[in-house]
Amino acid sequence: MQNQTRSPHATTEVLIVGGGPAGLAASIALRQRGIDCTVVEARSPAADKACGEGLMPDSRDTLAKLGVTLTESDGHPFRGIRFENSMHSVDAHFPHGEGIGVRRPHLHSLLAARAVDAGAHLLFNSHVQFPAATSDSTSSGAHSTALVNGGPLRFRWLVGADGQASTVRKWAGLDRARTRSLRYGFRTHYRVAPWSEFVEVHWGRGGQLYVTPVAADCVCVVYITRNPRCDRANILANFPEIASRLAGAEVVSQQRAAVTASCKLHRVASDCAALIGDASGSADAITGEGLAISFRQALALAESIQSGSLEPYRCAHRQIGKLPHAMGELMLTLDRWPALQIRAIRAMATTPIFFRELLHAHMGEKALASVLLRRGPRFGWNLLTKRARA
Ligand SMILES: Cc1cc2nc3c(=O)[nH]c(=O)nc-3n(C[C@H](O)[C@H](O)[C@H](O)COP(=O)(O)OP(=O)(O)OC[C@H]3O[C@@H](n4cnc5c(N)ncnc54)[C@H](O)[C@@H]3O)c2cc1C
């Protein structure tokens, strides 16, 4: 994809800093409403990132609203989620639809192509600076100026889509945050045919290893742990079953690392600046919902900007994050307490309906509170007493 240029002294309605999934999704959603926007991205197109690469059915559905329909030629489908530890396993299918594992560079290319198609201006390998606040009033409202690749670009709205370590967040004074957990993800791809119709989450003492099918001959393996100094070269040693499945398989990507945070910001928007995606806080990666959250936020943000106020976006952002944060907290509790994790997976294996309904709640198909109320007592009883069937 060719880099686009903007003439000096150009003006854009919305300046988006960061062209990862969130920034590109925002540009598409804005263009769907006819709003002019420019994305400034530091890296090249088809950017890679350590990620589990799984898009759940709800993520796929939201992406389709942005005009990107993923088919089997884009990756590999999966039909549900399996939790497993060294003793027990439990799985459930999605209530409807299929998830799909898609390599990050491919997803990035699809989003960028769609953004260009929709009329967004994309500036790759570019950088932005914010000189001391320069704001001027015009007939169309207040504008500010940023330096993009050294040249001025005037904008009305600023969107920070610049990821976990967002500089826009600091620049816009929105960096007051509550971080509940920081974990580290290590991702590698192996050339092997997927052996399961599920995304498998293997629970170990130090963290979780999850396996996503991404092609007919490739799986993406991510280990998430609280320990940044874990033995990165020997992660599989703690997961003998996966080690034996991957024995002899060619490693087809360099191991990549990334931080995943469970983090909520005090505010995600000021009068004319808004944050989106990981820049706006995140649920732990184990929820598998990071991309879906970004896509939903993109749709809400575009609607809010069109209305002339970022207040609706603030409310929508809170709403979008509620369920993933709640599910993330449940799973982080199991991560913090390995003895509880062992008992919980054992109990879910004896109460698979509880696991199934939790997954349906995770997909937004059932209310989490009603699942906990209805199935929780039985699960709690099994947690304290029962032994799982072999
Ligand atoms: C280990 C791990 C596993 C995960 N697994 C999954 C999963 O299976 N499914 C799922 O849905 N989600 C998953 N996630 C979450 C998902 O990866 C993120 O939620 C998603 O990448 C957020 O997109 P983003 O655009 O906000 O941020 P990013 O993907 O981080 O993109 C930010 C972009 O901004 C650019 N940028 C930064 N600063 C600047 C600057 N100053 N100027 C210009 N550009 C800048 C960067 O180059 C980057 O391209 C996982 C995350 C981790 C860490």
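Residues numbered from 1 in each chain as written. Predicted model: local features only at pLDDT ≥ 70, side-chain atom pairs only at ≥ 80, totals over all residues. Heavy atoms only, no water.

(A) The arrangement of the packing of helix α9 (residues 352-362) against helix α10 (residues 368-384) in detail. In contact at an axis separation of 10 Å, α9 and α10 are set at 165° when each is read in the N-to-C sense. Taken together, α9 and α10 sit at an angle that is classed as roughly antiparallel. Relative to α10, the crossing made by α9 is left-handed. Contacts between α9 and α10 involve Ile353, Phe354, Glu357, Leu358 and Ala361 on the former and, on the latter, Leu368, Val371, Leu372, Arg374, Arg375, Gly376 and Phe379. Looking at the contact of α9 with α10 residue by residue, the classes come out as eight nonpolar, one polar and three charged. (Axes fitted to C-alpha atoms, helices over the stretch in contact; angles between N-to-C directions. Helix = DSSP H or I, 4+ residues; strand = E, 2+ residues; numbered from the N terminus. Parallel < 35°, antiparallel > 145°, perpendicular 65-115°, else oblique. Left-handed = near helix turned anticlockwise from the far one by under 90°. Contact = heavy atoms within 4.5 Å. Nonpolar A, V, L, I, M, F, W, Y, C, P; charged D, E, K, R; others polar.)

(B) A look at the pairing of strand β6 (residues 89-93). Taking every second residue as pointing to the same face, the buried face of β6 carries Val90 and Ala92, while none of Ser89, Asp91 and His93 on the other face is buried. Sheet topology note: the strand β5 (residues 80-84)/β6 ladder contains five bridges and is antiparallel. Across the sheet, residue Phe83 finds its bridge partner in β6, namely Val90. Hairpin connection of β5 to β6: four residues between the antiparallel strands. (Buried < 20%, exposed > 50% of the residue type's maximum accessible area, 1.4 Å probe, protein only. Pairing = 2+ DSSP bridges.)

(C) Structural context of α9. Buried residues dominate α9, accounting for eight of its eleven residues. When α9 is considered as a whole, its buried residues turn out to be Phe354, Phe355, Glu357, Leu358, Leu359, His360, Ala361 and His362. Check the buried side of α9 and you find it contacts β5, β6, α7 (311-336), α8 (338-350) and α10.

(D) Structural view of the packing of aromatic side chains. Counted by the stated rule, this structure contains six aromatic pairs. Judged by centre distance (5.8 Å) and plane angle (55°), the ring pair of Phe78 and Phe94 falls under tilted. Placement of Phe78 in strand β4 (residues 76-78) and of Phe94 in the loop between β6 and β7 (99-101) is noted, with a sequence separation of 16 residues between them. For Phe78, a relative accessible area of 1% puts it in the buried group. For the pair Tyr223 and Phe239, a centre-to-centre distance of 5.8 Å together with 70° between the ring planes defines the contact as edge-to-face. Of this pair, Tyr223 sits in strand β16 (residues 218-225) while Phe239 sits in the loop between β16 and α5 (240-246); the two residues are 16 residues apart in sequence, bridging distant segments of the chain. (Phe/Tyr/Trp six-rings, centres within 6.5 Å; stacked < 30°, edge-to-face > 60°.)

(E) Molecular detail of the site of the ligand. In the neighbourhood of the ligand, 34 residues make up the surrounding shell, with Glu41, Gly52, Tyr210, Asp278 and Leu291 lying closest. A distance of 2.9 Å separates a nitrogen atom of the ligand from a polar atom in the side chain of Tyr210. Backbone polar atom of Gly290 to an oxygen atom of the ligand: 3.4 Å apart, as the coordinates give it. Protein chains shield 89% of the accessible area of the ligand, which is 1,000 Å² for the free molecule. Going through the elements one at a time, α1 (21-32), β18 (256-265) and α6 (290-307) are the ones with two or more residues in the shell around the ligand. A breakdown of the residues in the shell around the ligand according to their chemical character gives 14 nonpolar, twelve polar and eight charged. (Near = heavy atom within 4 Å. Polar contact = N/O pair within 3.5 Å; in protein donor to acceptor, adjacent residues only side chain to side chain. Areas by Shrake-Rupley, 256 points an atom, 1.4 Å probe, with all protein chains shown as cover.)

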